[in-house]
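# Geometric and topological summary
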Amino acid sequence: MSSSSTIGTVVFALVLSIGVTAFVGSLAPNSRTASRLGGSELSLELPKDFKSPISFASGRDGEKDLMYISMDGSFKVKTYTDWGLMESSIVFVKKESK
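Residues numbered from 1 in each chain as written. Predicted model: local features only at pLDDT ≥ 70, side-chain atom pairs only at ≥ 80, totals over all residues. Heavy atoms only, no water.

With that out of the way, let us pick up the overall build of the protein chain. Within the protein chain one finds two helices and four strands. Each helix (α) and strand (β) of the protein chain, taken in turn from the N terminus, gives the series α-α-β-β-β-β. For the protein chain, with 98 residues in total, the buried portion stands at 19%. Total accessible area on the protein chain stands at roughly 7700 Å², and carbon and sulfur atoms take up 64% of it. (Helix = DSSP H or I, 4+ residues; strand = E, 2+ residues; numbered from the N terminus. Buried < 20%, exposed > 50% of the residue type's maximum accessible area, 1.4 Å probe, protein only. Areas by Shrake-Rupley, 256 points an atom, 1.4 Å probe, with all protein chains shown as cover.)

Let us look at the pairing of strand β2 (residues 63-70). For strand β1 (residues 50-57) and β2, the ladder comprises six bridges, and the chain directions are antiparallel. Residue pairing for β2: Phe 50 is matched across the bridge by Ser 70. Between β1 and β2, which follow one another and run antiparallel, lie five residues, and Gly 62 among them has a positive phi close to 80°. Direction of pairing for β2 relative to strand β3 (residues 75-81): antiparallel, over a ladder of seven bridges. Counted as the bridge partner of Leu 66 is Lys 78 from β3. In sequence, β2 turns back onto β3 through a hairpin of four residues, with Gly 73 there showing a positive phi of about 90°. (Pairing = 2+ DSSP bridges.)

Two aromatic rings, taken as a pair, are described by how far apart their centres are and by the angle between their planes. On inspection of all chains with the given rule, the structure shows one aromatic pair. Measuring from ring centre to ring centre gives 5.6 Å for Phe 50 and Tyr 68, while their planes differ by 40°; the resulting arrangement is tilted. Linking Phe 50 in strand β1 with Tyr 68 in strand β2, this pair joins segments that are 18 residues apart in sequence. Judged by its relative accessible area of 18%, Phe 50 falls in the buried class. In this structure, Lys 78 is placed above the aromatic ring of Tyr 80, and the distance from its NZ or CZ to the ring centre is 5.5 Å. (Phe/Tyr/Trp six-rings, centres within 6.5 Å; stacked < 30°, edge-to-face > 60°. Lys NZ or Arg CZ within 6 Å of the ring centre and 35° of its normal.)

So, about the environment of Leu 46. Along the chain, Leu 46 turns up in the loop between α2 (32-38) and β1. Considering only alpha carbons, one finds Leu 46 and Tyr 68, 22 residues apart in sequence, at a separation of 9.9 Å. With sequence-adjacent residues up to four places away left out, Leu 46 is seen in contact with Leu 66 and Tyr 80. (Contact = heavy atoms within 4.5 Å.)

A word on the sheet that holds strand β4 (residues 88-91). Pairing within the open sheet is antiparallel, and its four strands lie in the order β1-β2-β3-β4. In this open sheet, the two edge strands, each paired with only one partner strand, are β1 and β4. Neighbouring strand axes in the sheet, compared pairwise and without regard to direction, differ in orientation by 25° on average. (Axes fitted to C-alpha atoms, helices over the stretch in contact; angles between N-to-C directions.)

Scanning the model with the defined rule gives one salt bridge in all. Asp 49 is the partner of Lys 76 in a salt bridge, and the nearest nitrogen-oxygen pair spans 2.4 Å. Of the two residues, Lys 76 is situated in strand β3 and Asp 49 in the loop between α2 and β1; the sequence distance between them amounts to 27 residues. (Salt bridge = Lys/Arg side-chain N within 4 Å of Asp/Glu carboxyl O.)

Here it is as structure tokens:
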């Protein structure tokens, strides 16, 4: 094996690994891991009806929960996921007694 083909193989492997890392990072915009590897901030968009925070938790793997007070005064939870898929919201309602 010649030295030029060895250098070509190393360069190809390096370019491929950088490309794969960049691609995976772009798929996980809400990931703290991608944020740490890239040295950038993790930016999560606040819900449109956000007024003020109550709590923020990242206890489950790949999920972050923001509990907040909405503009209409209700309590809500917005769940963010690392992949931006299957995100959900919870609205707390008070059951009226009769």
